[in-house]
Each structure stands twice: as structure tokens, then as C-alpha cells.
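Take a look at the letters that make up each chain.
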Amino acid sequence: MSALLLETRELDKHYGGLHVTRKVSLQLHAGDRLALIGPNGAGKTTLVNQISGTVAPSSGSVWLAGEDVTRRSQAQRVRAGLARTFQITTLAPHLPVQRQVELALFEREGLTHRAWRSIDGYPVLAAEAHSLLRDLGLGEHAGWPTERLAYGEQRLVEMALALALRPKVLLLDEPMAGVPQGDGARLLTALDALPDDLAVLIIEHDMDLVFRLARRIVVLAEGAVIADGTPDAIRNDPVVRGAYLGG
Ligand SMILES: Nc1ncnc2c1ncn2[C@@H]1O[C@H](COP(=O)(O)OP(=O)(O)OP(=O)(O)O)[C@@H](O)[C@H]1O
Ligand SMILES: [Mg+2]
């Protein structure tokens, strides 16, 4: 049995009268590749926001490596091993790619109180940033301002930023969103190459990708988990076909 790294217990979220997640309980173990799927507005992003701490649940709890983090800040959750990327890109457009990754490493090392230009005094971190970018196929673009990269490459930079935190759990909210078909291959390669023991939860609408990547699939509809199983079980589940996959 691999270690239980992330657990949600009956996560409930209301916005006024709108019930967005309904007692969502799920578990993520080391090495998991879990896809979270469901129609637009099903509550997928809101669930990930509650896990990462950008949204407070109305009730229920979030556990990281056996610890209740429901009341912990985002930064504390990051330190406990949780990293995420966002559905919409959040990069600084003018900053060189390498600098963005260095800043993430700086943050991981608790060095952000130091002056910005002192990053140059940490060649080990610069080397780590470069090696992260190389692993993602971005080595040649390290010195470029982020805005000059293709959108698919920018999503890879976001993955580099998340991986820079050396997470145990990685949450990916639609990493392929907005990426032109032709640019998707490198993202796929990067997803395939993620560390084996990392627990990965990926929100994705592209079913080819979901069925290629996931070893388990959770289906959310109207805020509730309506199925949780292997890709084969999900593909053949009549309730899922009705709610989401279609005939
Ligand atoms: N801050 C908010 N205030 C009010 N309603 C919200 C808020 N955030 C999300 N919602 C609503 O909650 C519901 C679920 O939204 P959410 O973004 O979690 O869905 P999703 O499954 O991620 O959808 P998509 O596949 O389109 O990304 C939607 O009806 C949305 O309008
Ligand atoms: Mg979403």
C-alpha cells in the first residue's frame, strides 16, 4: 500500500443558495494519477481551490499526509507538500523564464526576505532552475521573457514552478486548456515524466488525455462524486455516460 497523501472528507461549499461541492470525499496516494472530470460548472476548480486553500469550505476537512490542514494558509499547505497550477495562466509576462523558476526556488528555501538581486548569489538554485526547465524541454528558452513563449510552453513553465516546490501532491487544473493541438505533445511528455511517487490530480476535459494518463477517475456532477473507479469502469458506467461522456 502506498502512503495516503491527500484526503478530503465531506467537503461542502455553498455560495449563497448555490451548492457547489457536496460532501466530496476522496483520497490520493503516492504515485496516484487521478483525473477529476465532469461537466462545466460541476465544481472541479472549486474543489481544488478548497484543497489548495484559496477557498474555505463551508464544512468538511482537508488532510495532507495525515494532518488536518483545513485551517492552514496556502503557503503552509505548500510547505506541507502541496503544489498546484491554475486553469488560467498566472505568470509574470516580462520576467525571464529562468527568473520565475528561481523565484519559486527562493520561496521554497525561505529566502524571499533577501533582496531580489541577491538571487545571483545562489548558483546552486540557478542550476536547479535550469535543470528543471531542461527536463521540461524549455532549456533553450530559459533566458526569454515568458510572454515570448508559445502558450503551451507557458503552461510548462507553470508546471516547472509547481515542481520547483518539490511537492508530494500536484494538482493540475486543465493544463491543456488553450493549448493548440500541435503543442500538446510536449505537455503530454512532461506529464508522463512526472516523478513516479508524486500523487497527481488532474482536471481535464480532453477525454483522450484523461484515458491515456489516469489510472483512476473521479466524476463530479453538480458538486457530487457520482463515480470513482478505473478508467475501464468509468468508460462503461451508464450513470457517467448519461451525465457527462454522452452516448
Ligand atoms: N466565487 C464564487 N461565487 C459564486 N459562485 C461561484 C464562485 N466560484 C464558482 N462559482 C460557481 O460554482 C460552480 C462551479 O464552478 P467551478 O469553477 O468549480 O466549476 P468547474 O467544474 O471547474 O467548471 P469548468 O469545467 O468550466 O472549469 C459554477 O456554477 C460557478 O459559477
Ligand atoms: Mg474549472
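Criteria and cut-off values
Residues numbered from 1 in each chain as written. Chains lettered and ligands numbered in written order. Predicted model: local features only at pLDDT ≥ 70, side-chain atom pairs only at ≥ 80, totals over all residues. Helix = DSSP H or I, 4+ residues; strand = E, 2+ residues; numbered from the N terminus. Rg over C-alpha atoms; globule rule 2.2 N^0.38 Å. Buried ≥ 20, exposed ≤ 12 C-beta atoms within 10 Å, placed from the backbone. Core = buried A, V, L, I, M, F, W, Y, C linked by C-beta atoms within 7 Å. Contact = placed C-beta atoms within 7 Å. Near = placed C-beta within 6 Å. Nonpolar A, V, L, I, M, F, W, Y, C, P; charged D, E, K, R; others polar. Expected span 1.5 Å × (residues − 1). Arc of directions from axis to C-beta. Pairing = 2+ DSSP bridges. Axes fitted to C-alpha atoms, helices over the stretch in contact; angles between N-to-C directions. Parallel < 35°, antiparallel > 145°, perpendicular 65-115°, else oblique. Left-handed = near helix turned anticlockwise from the far one by under 90°.

Draft legend 1. Highlighting the overall build of the chain. A count of helical and extended segments in the chain gives nine helices and 10 strands. A compact globule built from 247 residues would reach a C-alpha radius of gyration of about 18 Å, and the chain, at 18 Å, matches this within 12%. The dimensions of the chain, computed from C-alpha atoms along their principal axes, are 55 × 40 × 40 Å. Counting across all 247 residues of the chain, residues that qualify as buried make up 39%.

Draft legend 2. Spotlight on the nonpolar core. In terms of nonpolar packing, the biggest core is built from 62 residues, with Val101, Ala160 and Val219 touching the most fellow members. Excluding residues that lie within four positions of it along the chain, Val219 makes contacts with Ile37, Gly38, Ile226, Ala227, Ile234, Val240 and Tyr244.

Draft legend 3. Layout of the site of ligand 1. The immediate surroundings of ligand 1 are formed by 12 residues, with Tyr15, Asn40, Lys44, Thr45 and Thr46 found nearest. Here the element with the most residues in the shell around ligand 1 is helix H1 (residues 44–52); it accounts for three residues. For the shell around ligand 1, the per-class residue count stands at four nonpolar, seven polar and one charged.

Draft legend 4. Highlighting helix H4 (residues 123–135). Over its 13 residues, H4 extends 18 Å from the first C-alpha to the last, a length consistent with the 18 Å expected when each residue adds 1.5 Å. Those residues of H4 not exposed but buried are Leu125, Ala129, Leu132 and Leu133. Each buried residue of H4 lies within a common arc of 95° when the element is viewed along its axis, so the set occupies one face. Exposed and facing more than 90 degrees away from the buried side of H4 are Pro123, Val124, Ala127 and Ser131. Each element contacted by the buried residues of H4 is listed here: helix H3 (97–108) and helix H5 (151–164). Following H4 by one or two positions, Gly137 adopts a phi angle in the positive range, close to 80°.

Draft legend 5. The arrangement of the sheet that holds strand E2 (residues 18–29) in detail. Spatially, four strands are ordered E2-E1-E4-E5 in an open sheet, and the strand pairing comes out antiparallel. At either margin of the open sheet sits one strand with a lone partner, and together these are E2 and strand E5 (67–68). Relative to E2, strand E1 (residues 4–15) runs antiparallel, the two being bridged by eight bridges. Bridge assignment links Leu11 to a residue of E2, and that residue is Val24. Against the sheet, H1 touches E1, E2 and strand E4 (59–64), its axis set at about 120° to E1.

Draft legend 6. Unusual backbone geometry, seen in detail. For Glu174, which is not glycine, the phi dihedral falls at a positive 50°. Inspection of the secondary structure assignment puts Glu174 in the loop between strand E7 (169–173) and helix H6 (184–192). Phi at Glu222 is positive, roughly 50°, even though this residue is not glycine.

Draft legend 7. Up close: the packing of H3 against H4. Between H3 and H4, whose axes approach to 9 Å, the crossing angle comes to 120°. In terms of orientation, H3 lies oblique with respect to H4. In this structure, the crossing between H3 and H4 has a hand that is right-handed. Across from Val97, Gln98, Val101, Glu102, Leu105 and Phe106 in H3, the residues of H4 making contact are Leu125, Ala126, Glu128, Ala129, His130, Leu132 and Leu133. Considering only residue class, the contact of H3 with H4 consists of nine nonpolar, two polar and two charged.

Draft legend 8. Focus on the packing of H5 against H6. Contact geometry of H5 with H6 gives a least axis separation of 9 Å together with a crossing angle of 20°. It follows that H5 is roughly parallel to H6 by the angle criterion. As H5 runs across H6, the sense of the crossing is right-handed. Residue-level contacts link Gly152, Arg155, Leu156 and Met159 of H5 to Gly184, Arg186, Leu187 and Ala190 of H6. In terms of residue class, the contact of H5 with H6 is made up of four nonpolar, two polar and two charged.

Draft legend 9. Inspection of the sheet that holds strand E8 (residues 199–203) at higher detail. Sheet architecture is open: six strands sit in the order E6-E7-E8-E3-E9-E10, paired in mixed fashion. The sheet is open, and its two edges are formed by strand E6 (82–85) and strand E10 (224–229), each paired on a single side. The average undirected angle you get between the axes of adjacent strands in this sheet is 15°. Lying on the sheet, H5 is in contact with E6 and E7; it crosses E6 at an angle near 170°.

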